[in-house]
Amino acid sequence: MEKLLYGVAYYDEYMPYERLDQDIEMMKAAGINVVRIAESTWGTHEPQNGVFDFSSVDRVLDAMHKAGISVIVGTPTYAVPTWMVKEHPDVLAVTSQGAGRYGARQIMDITNPKFLFYAERIIRKLIDRVKDHPAVIGYQTDNETKHYHTAGPNVQHLFVKWMREKFKTVEQMNKQFGLDYWSNRINAWEDFPSTIGTINGSLGSEFAKFQRSLVTDFLGWQAAIVNEYKREGQFVTQNFDFEWRGYSHGIQPDVDHFAASKAFDIAGVDIYHPSQDELTGIEISFGGDVTRSLKANNYLVVETQAQAFPHWVPYPGQLRLQAFSHLASGANMVAYWHWHSIHNSFETYWKGLLSHDFAANPVYNEAITIGRDFAKLSPQLVNLQKTNKVAVLVSNESLTAMEWFKLPGASKNYNDVVRLMYDELYKLNVGCDFVNPASDNYENYSLLIVPALYCASDSLLERLNAYVKNGGHIVYSFKCGFTDENVQARTVSQPGIISEACGISYSMFVEPKHVALKGDPFQVGQEHNQVQTWMELITPTTAEVLAYYDHPHWGQYAAITHNRFGDGTATYIGCMTSSAVMMKVLKHVLKEIDLWGIDQEITFPLITKSGINSIGKTIRYYFNYSESTSSMQYPHNGGMELFSKQEVVKGQQLVLDPWGMKIIEEN
Amino acid sequence: MEKLLYGVAYYDEYMPYERLDQDIEMMKAAGINVVRIAESTWGTHEPQNGVFDFSSVDRVLDAMHKAGISVIVGTPTYAVPTWMVKEHPDVLAVTSQGAGRYGARQIMDITNPKFLFYAERIIRKLIDRVKDHPAVIGYQTDNETKHYHTAGPNVQHLFVKWMREKFKTVEQMNKQFGLDYWSNRINAWEDFPSTIGTINGSLGSEFAKFQRSLVTDFLGWQAAIVNEYKREGQFVTQNFDFEWRGYSHGIQPDVDHFAASKAFDIAGVDIYHPSQDELTGIEISFGGDVTRSLKANNYLVVETQAQAFPHWVPYPGQLRLQAFSHLASGANMVAYWHWHSIHNSFETYWKGLLSHDFAANPVYNEAITIGRDFAKLSPQLVNLQKTNKVAVLVSNESLTAMEWFKLPGASKNYNDVVRLMYDELYKLNVGCDFVNPASDNYENYSLLIVPALYCASDSLLERLNAYVKNGGHIVYSFKCGFTDENVQARTVSQPGIISEACGISYSMFVEPKHVALKGDPFQVGQEHNQVQTWMELITPTTAEVLAYYDHPHWGQYAAITHNRFGDGTATYIGCMTSSAVMMKVLKHVLKEIDLWGIDQEITFPLITKSGINSIGKTIRYYFNYSESTSSMQYPHNGGMELFSKQEVVKGQQLVLDPWGMKIIEEN
Amino acid sequence: MEKLLYGVAYYDEYMPYERLDQDIEMMKAAGINVVRIAESTWGTHEPQNGVFDFSSVDRVLDAMHKAGISVIVGTPTYAVPTWMVKEHPDVLAVTSQGAGRYGARQIMDITNPKFLFYAERIIRKLIDRVKDHPAVIGYQTDNETKHYHTAGPNVQHLFVKWMREKFKTVEQMNKQFGLDYWSNRINAWEDFPSTIGTINGSLGSEFAKFQRSLVTDFLGWQAAIVNEYKREGQFVTQNFDFEWRGYSHGIQPDVDHFAASKAFDIAGVDIYHPSQDELTGIEISFGGDVTRSLKANNYLVVETQAQAFPHWVPYPGQLRLQAFSHLASGANMVAYWHWHSIHNSFETYWKGLLSHDFAANPVYNEAITIGRDFAKLSPQLVNLQKTNKVAVLVSNESLTAMEWFKLPGASKNYNDVVRLMYDELYKLNVGCDFVNPASDNYENYSLLIVPALYCASDSLLERLNAYVKNGGHIVYSFKCGFTDENVQARTVSQPGIISEACGISYSMFVEPKHVALKGDPFQVGQEHNQVQTWMELITPTTAEVLAYYDHPHWGQYAAITHNRFGDGTATYIGCMTSSAVMMKVLKHVLKEIDLWGIDQEITFPLITKSGINSIGKTIRYYFNYSESTSSMQYPHNGGMELFSKQEVVKGQQLVLDPWGMKIIEEN
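Bear in mind the structure is a predicted one, so any value in this text is a computation, not a measurement.

Trainee: Can you walk me through the UniProt feature "domain: Beta-galactosidase trimerisation" (unreviewed entry) in chain A in this structure?
Mentor: As annotated by UniProt and renumbered to match this structure, "domain: Beta-galactosidase trimerisation" (unreviewed entry) occupies residues 389–595 of chain A. As annotated, residues 389–595 of chain A has a helix share of 26% and a strand share of 26%, and its two end C-alpha atoms lie 8 Å apart.

Pasting the structure below:
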């Protein structure tokens, strides 16, 4: 990428009156240099079957180009037109809830050939039309694509073939999935029941995996079509998104981001997060780290919040803090969803940079300063390269399996474990990447963080044992290694294969009630010393015990252990701890394996991120994620603070305003 | 009406054994002078298709007439017989939940011609049979009629025609409803999808309006049929009801009461309310004020509670207090649902005046005293006329739109805003009427209270501006004026058109967390000074600021403003306040515009209502809605206390028993 | 039964690898002498329509026999194979939720002749094959059979015939069920609507009763088939279960255990209960007392928990305490569900005696001690006979009716009233049996406890009056006698017919808010003196008042009364009391009628149970249901403590370990 992109989603089609020139003028004033268009408006571009109208695309491209604003064109396939559904109601996905109903986006069966026929036609028409336009720098296929739980008879039919391909014989399938249970055996392929009613978690998890493969296939198919047209210098991206809890919370259950991103030139993402007093920067960092890891490169924040919801309207300074936080994680683009607040329909209260009145407002005014600084600092900040020694191993398969086999109480899921571990790394300013079971680069890292790897093949676990033996370090949470890749509980002592590296075993686990760690070993105080939700009754074999349970009957069992194995170490956290204990355990490990550095002495709400810029200099970001002014001693080599253009020397006091920041380019 | 009616719903058909004579004897003893019959028992009156049996009607009419008790005959169409549904399952409404199931009442498609055919036939048979019976004083069409969410293909078909009539072209519709969004455009009428799945709030709100029009049409059709038969002196009424929260809480979402009531001679209503320690009289007053306003005349309380539920059984005195409270709001009839407690089915625990044992009981015994006093005081109390200077402007359209665009948290809706304002008027003893957007009488009032007029046409808002300019006064709540009649957010500064009269503007709004009004300007104390749920960040243009927000970042914005505009004033309350603040703001306004009178010095739990009786004298009711004896100085001209027949002079101390009352006819 | 059975459910079919010999070796070590097999695995035994494979049955029978372990063979009909549902989707029950989906067990229409055809075929094939095997001691038909809410058109068709049989004429039905209400009359049998949508509680309750009769019929049909094959000495049982609240809580709503058990030789049951700090033994006692009462004989605990869920893993000692508690209630078998923890599917986390690793573990190790003691003490402990003076009268019909007419708040149901009364009897160490309306043995008891007998025929209530008159004693809770057998509220003063024996009447009832018993008559302290959920406003006629309500308006009404009637007494508790008040009322009655004995001086957490063993000696169990060591004076004749083989004399101090116990055989 040549420069930082600062953008908005722009919907000329939604405008209540002619505003294009005015909008562009206000965009220019705010330093907006890219817009994303067209991904939501198939019904406008193809008002009737085979009748096309790209006039809004044409005029926006022309006007943007004239203004020097680049355009990313989206294929408009994630929301289908009324005529299509009226002609072919079966393009809607049949799910466990029954037949679909027209209205929302993302309701179609992405395997349906009628849908695919129309989708291909509009993609080819649109991309062919815009590909040579000088404003166009890239394409987005579809939007936040998922499988929409499509599970109708045709999808079930494909799934039987998937299963036959995987297992070859029903005998193998019955055995691996335990289908004798409750008379669920499938003794002939044609007896295969719809998975919709299944109570077999192996089968259900496999179906979810199959559904994720449909997303990978669909996106690959779209990208291949767009690739036929794209000019040199143009890119194709996708807008991935995360587990949604009213904001971007964790690993996306319905897409294998690692697999699906292969088809694209660059990874794109949307990141939405709590704001106001709840703004921490964690989701920005988490989403950025995941997305950067997909292609081991810079990425685009295709959507993030401007004003958004009433509970998200940013305090003064927060929009700036957020924008530069994205850059600090390796983003090359920060784009808002959306330019203007929409006047009708579902997202009327998901406000854009402009309110419904299109006038300047405090948030827009703050964007002006961001656009100015992006432009000014682009040479120093674009294409930030990061090399991390720590990676988090995440697994769609484990996530799904833990939906089938929920933690007691069902209020915490896989992503809560991921976030319990990730958040403390963030607060300790430990930069990290993400890997998945298919990644081949574990050896690039000194430390792997492995949350709840509940579902994993023998070979993956053996590979992790070998990683430790060869000098790597791992911190496992509870629930790791429990089942194989078919979500079959292992028939040996737990945690199964990794017992060897961890030097522990257990066969019983309970739900803690009023259980703490014995003697408050991490000195976190009574409240934070409690164990929640899950505890494994661990017996160390070779491991050192970092914490025992404090319980009248289970006090002899270990809660947290640490084991030297070969040239590395494996730490095992056998229970859901507090954040405070998690931080202390990570700190203990980081110190022991010499990953504790000068940046770890700074802790949240002061956040630092760094990387190497395109001219080979180290860029250091310092963010103050709090309402109070904070100061710290600058601990690195001297350099230039980029906003103020003032020199900073090692040991100098840096004063950070509330929700403020500094960026230092080392000399 | 010649006299006060004191009545019950009477179901001879439900009686476990022959009781007619005994029941009538007990009714006579209690002063019951009217019964309502027949509205629930189609299956009894037409046991088979085309076979009619009105014997229970005949015998009840004869017996009642003999006893001097009048009868209101209901058309029995709100609950359909088993044979009809077995023959024609499609008479049941298809809703977003799918096809209907037989069992409950109010489950039919009120547009279905099969249903209409049978309904017309039974109406004509029944009314023709009873119309000349001397006991019959009036008719009720159907019961608590609503649209029952009918939304099947035939209803959708009608709706497309409604839309074409409204918009003429799909282009207009697409534009006003913002259907480009998420590819929802309808480019040909035949592409129109079922509204069941829509996520477009404009479309959804319009469909709700259309559904309400079906109710108006259906009731008008029934009333027209009954009108063909009714004799001189007989009336036709309908039993309207309210938003139900386990009691009659607010404006009815599914019926436009103003439109639907036009077809009737007199408005009827059911009013159910909390009781025991929670008895306040508010719902009696609210329901009465709404219903009296429909036809600007006295009304019938067709149903209200006797013993009702275990949590409603009235304390001694409460049944009397309630009965006279209805009269004080302008009711000419108070009738209980129902005479006897039912021995089977859904409402077994919704008890009547009699328990299941049909014996006298404390509640029945109290009714005896009411019947006696109704009879005795009827000449003074019947046909009370009220002239209020304050009206509340309510809007079905705003209610619906705010269901589509809910307040944050979704626990408060339009009616909560209505009640927040109405309840404080009630507690201040400010008599008020209700108007709606179609009303032509705003100028009759000095003060309009306008809660959450979220959805309003330009012309309505301009009319409100003119009303202020010409000397009227308005108190607006937050959310007023935000969208036009198509639920399209306005493209100008908010609150849009009324900004002019209010002298304010805003473009941002947030969800308050720990926000109060700065400096407790209304001196309500910390707890009551909090802002909840919604706050608009208001900048005054010409308005005086009554309250600012207390917030580190939003403290410069106004919360409550007051503006002189032309000869009137407009007060704007930009946030959800406590009841205490609302009362203080209303008090402030009432004082300023000289509506603060002697009655406002009395406040809840002492309630006063007044009006002019048919001989032109002022009647003043004083109610003590509390468990404690209270006293007050009587502040008006001397007169006669009607229960005791004792003279009362101005300034005299009135002592009100717990749950007690006095009625004074001024000399 | 010749000896105590100690067993497990065993699923060779689920084994991840060949383990039969190892399993049997571990079973032998643990004293397991019986296994239950085959009830869950139809799909394994009949992999294709008409193709049978009983090899796993054969080999398990042979191996068990060789090891001296007996086998109970289950008919595998509660979970249907995939091929059947693929061929005949209509074997799945249609319920109020619509058509069924394949996946879970217990989803079929137990009246469907296709299902019945296949079920009969597999039963005959299986039982014929195993009947002569020497390992087989008995059979279980199906498993936890219920009606699965089957309510499709064919079931409705049968129900119409049931109704015609019951009522003969529609007139009678309409009258008894109050179908005039809301036009629900059925004036011709062919007009009968599906009950799925009914709002008539009489009709709904009757349909539930009909559904329970389907279960009785289905089980009777299965038992009759098995009886054709069974050899002398073999038994046929069923595994009944209870209202499930995450554990076995109360009377089963969907089965009439008294009726359904008639077809069986011996009653079986599963009992699951809270554990760890919440272990009280109440469910073990409740489930045991119910099941023992079904056939007035010893019973089998076909399933109970071993490790089970993370929140149930037993503390040391608890598994033993539980096992002997079952025996103390009259069980002759204690069997765990299940031997090994399952590696796939729904119940992976419902752990067996062994964990997924099949290794010994603390729970298994404790089982070894139980097996050893069962074997050693079997001659003394098997076939314990109990003679109780107290019985609890339970009624499926009342349970169902109270689901239709819920208590205010809907958080408490019929079983909560049953348990409120039962639990206090348990804590007072009052042994009791259960009877139902069809039982003919009321006169065997001195005291009947009658919780919420809401739905009861005249003849039942008259029989209860006669029981009191003839010297019996009854403690009634509120809600007794309110409706007849058709759930029609009685038309006389409440509590209807039993008013005579109780010497009270009421016609009003309210929901208590801040209501206590006046003057704390039972000295339980303020918190426990509160009245909850329901209060009847009782006027005594001849009764003595034990407690009045403390309420400003209802203080004149009685809450709890006691009446001498003929030679007996009837106590009536007109409100939901605390446990503490319930205990005091029961204590009062027990003392008055001379049922207060030496065992009642011991109270929970010390529990004692007793009976006569097969050699005519009295066996006394003493259990300590607490975490603390407790001691007590042994109050009975001297004897031998069976674990220690030490003599115990009257008055000697018995010291009971935490979760510990002693068993004394009187000399």
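Trainee: Just to check I follow, could you spell out the sheet that holds strand S22 (residues 568–573) of chain C for this structure?
Mentor: The pairing of strands in a sheet happens through backbone hydrogen bonds and is either parallel or antiparallel. Residue and element names in this part refer to chain C. As summarised here, the arrangement of the eight strands in space is S12-S11-S13-S14-S22-S21-S20-S17, forming an open sheet in which the pairing is mixed. At either end of the open sheet lies a strand with only one pairing partner, and these are strand S12 (432–435) and strand S17 (516–517). In this sheet, S22 lies alongside strand S21 (residues 558–565) in antiparallel orientation, the contact comprising six bridges. Note on S22: the bridge partner recorded for asparagine 563 is alanine 570.

Trainee: I tried to follow the packing of helix H5 (residues 113–130) of chain C against helix H8 (residues 201–229) of chain C on my own but got confused; where do I start?
Mentor: Residue and element names in this part refer to chain C. Axis separation between H5 and H8 bottoms out at 9 Å; the angle between their running directions is 30°. With respect to H8, the axis of H5 lies roughly parallel. Seen along the crossing, H5 lies across H8 with a hand that is right-handed. Every residue of H8 that contacts H5 at Glu120, Ile123, Arg124, Ile127 and Asp128 is listed here: Gln222, Ile225, Val226 and Tyr229. Partitioning the contact of H5 with H8 into residue classes produces five nonpolar, one polar and three charged.

Trainee: How should the interface of chain A and chain B be read in this particular structure?
Mentor: Quoted interface sizes are often the accessible area lost when the parts come together. Between chain A and chain B, the residue contacts involve 43 residues of the former and 36 residues of the latter. Within the residue set of the side of chain A that touches chain B, elements represented by two or more residues are helix H2 (42–45) and helix H4 (82–87) of chain A. Sorting elements by how many residues they give to the side of chain A that touches chain B places H4 of chain A first, with four residues. Here the residues of the side of chain A that touches chain B are counted per class, giving 22 nonpolar, 16 polar and five charged.

Trainee: Even after reading the chapter, I still don't get the UniProt feature "active site" (unreviewed entry) in chain A, so can you show me in this structure?
Mentor: Residue and element names in this part refer to chain A. Per the UniProt record, "active site" (unreviewed entry) is annotated on Glu144 and Glu303. In sequence the annotated residues extend across 160 residues, while in space they remain close, none of their C-alpha pairs exceeding 10.4 Å. Mapping glutamate 144 onto the fold places it in the loop between strand S4 (136–140) and helix H6 (153–167). Excluding residues that lie within four positions of it along the chain, glutamate 144 makes contacts with Tyr78, Asn239, Asp241 and Asp270. Inspection of the secondary structure puts glutamate 303 in strand S10 (residues 299–305). Other than its neighbours up to four places away in sequence, glutamate 303 contacts Ala9, Asn239, Asp270, Ala335 and Trp337.

Trainee: Would you explain the domain arrangement of chain A in this entry?
Mentor: Residue and element names in this part refer to chain A. Split into domains, chain A comes out as domain 1 (5–146 + 234–381), domain 2 (390–594) and domain 3 (601–666). The partner domain 2 presents 16 residues to the 13 residues of domain 1 that form the contact. The set of elements that each furnish at least two residues to the side of domain 1 that touches domain 2 consists of strand S8 (248–250) and helix H10 (282–294). For the side of domain 1 that touches domain 2, the residue count by class is six nonpolar, four polar and three charged.

Trainee: Just to check I follow, could you spell out the relation of the copies chain A and chain C for this structure?
Mentor: A rotation about some axis, followed by a shift along it, carries one copy of the chain onto the other. Laying chain A over chain C is done by rotating through 120° and shifting 0.0 Å along the axis; what remains is an RMSD of 0.1 Å. One copy is carried onto the other by what is essentially a three-fold rotation axis.

Trainee: Honestly, the interface of chain A and chain C in this entry has me stumped. Any pointers?
Mentor: Listed by partner, the interface residues are 36 residues for chain A and 43 residues for chain C. The set of elements that each furnish at least two residues to the side of chain A that touches chain C consists of helix H8 (201–229) and strand S17 (509–510) of chain A. Looking at side-chain class alone, the side of chain A that touches chain C contains 16 nonpolar, 15 polar and five charged residues.

Trainee: I would appreciate a short explanation of the pairing of S21 of chain C in the present structure.
Mentor: In summary, the side chains of a regular strand alternate between the two faces of the sheet. Along S21 of chain C, seven of the eight residues are buried, which leaves the element largely enclosed by surrounding structure. Turn length for the S21 of chain C-S22 of chain C hairpin, with the two strands adjacent in sequence and antiparallel, is two residues, and the turn residue glycine 566 of chain C shows positive phi of about 60°.

Trainee: Would you take a moment to explain the nonpolar core for this structure?
Mentor: Nonpolar side chains in soluble globular proteins tend to end up buried together. Tyr476 of chain A, Ile449, Tyr476 and Ala559 of chain B together with Ile449, Tyr476 and Ala559 of chain C are the most contacted members of the largest nonpolar core, which has 674 residues in total. In this structure, tyrosine 476 of chain A is in contact with Val450, Ile498, Cys502, Ala570, Thr571, Tyr572 and Ile573 of chain A, ignoring residues within four places of it in sequence.

Trainee: Before we go on, may I ask you to explain the sheet that holds strand S27 (residues 639–641) of chain B in this structure?
Mentor: Residue and element names in this part refer to chain B. Spatially, five strands are ordered S24-S25-S30-S27-S28 in an open sheet, and the strand pairing comes out antiparallel. Lying at the two open borders of the sheet, with one neighbouring strand each, are strand S24 (606–612) and strand S28 (646–648). For this sheet the average axis-to-axis angle between neighbouring strands, irrespective of direction, equals 25°. As defined by bridge partners, S27 adjoins S28 across three bridges and the pair is classed as antiparallel. Note on S28: the bridge partner recorded for glutamate 641 is glutamine 646. The strands that helix H11 (residues 318–328) touches are S24, strand S25 (618–624) and strand S30 (661–666); relative to S25, the one it contacts most, it runs at about 145°.

What counts, and at which threshold
- Residues numbered from 1 in each chain as written.
- Chains lettered and ligands numbered in written order.
- Predicted model: local features only at pLDDT ≥ 70, side-chain atom pairs only at ≥ 80, totals over all residues.
- UniProt positions renumbered as here; feature names shortened; annotations may be inferred.
- Helix = DSSP H or I, 4+ residues; strand = E, 2+ residues; numbered from the N terminus.
- Pairing = 2+ DSSP bridges.
- Axes fitted to C-alpha atoms, helices over the stretch in contact; angles between N-to-C directions.
- Parallel < 35°, antiparallel > 145°, perpendicular 65-115°, else oblique.
- Left-handed = near helix turned anticlockwise from the far one by under 90°.
- Contact = placed C-beta atoms within 7 Å.
- Nonpolar A, V, L, I, M, F, W, Y, C, P; charged D, E, K, R; others polar.
- Domains from an automatic or database assignment.
- Least-squares fit on C-alpha atoms with pLDDT ≥ 70 in both.
- Buried ≥ 20, exposed ≤ 12 C-beta atoms within 10 Å, placed from the backbone.
- Core = buried A, V, L, I, M, F, W, Y, C linked by C-beta atoms within 7 Å.

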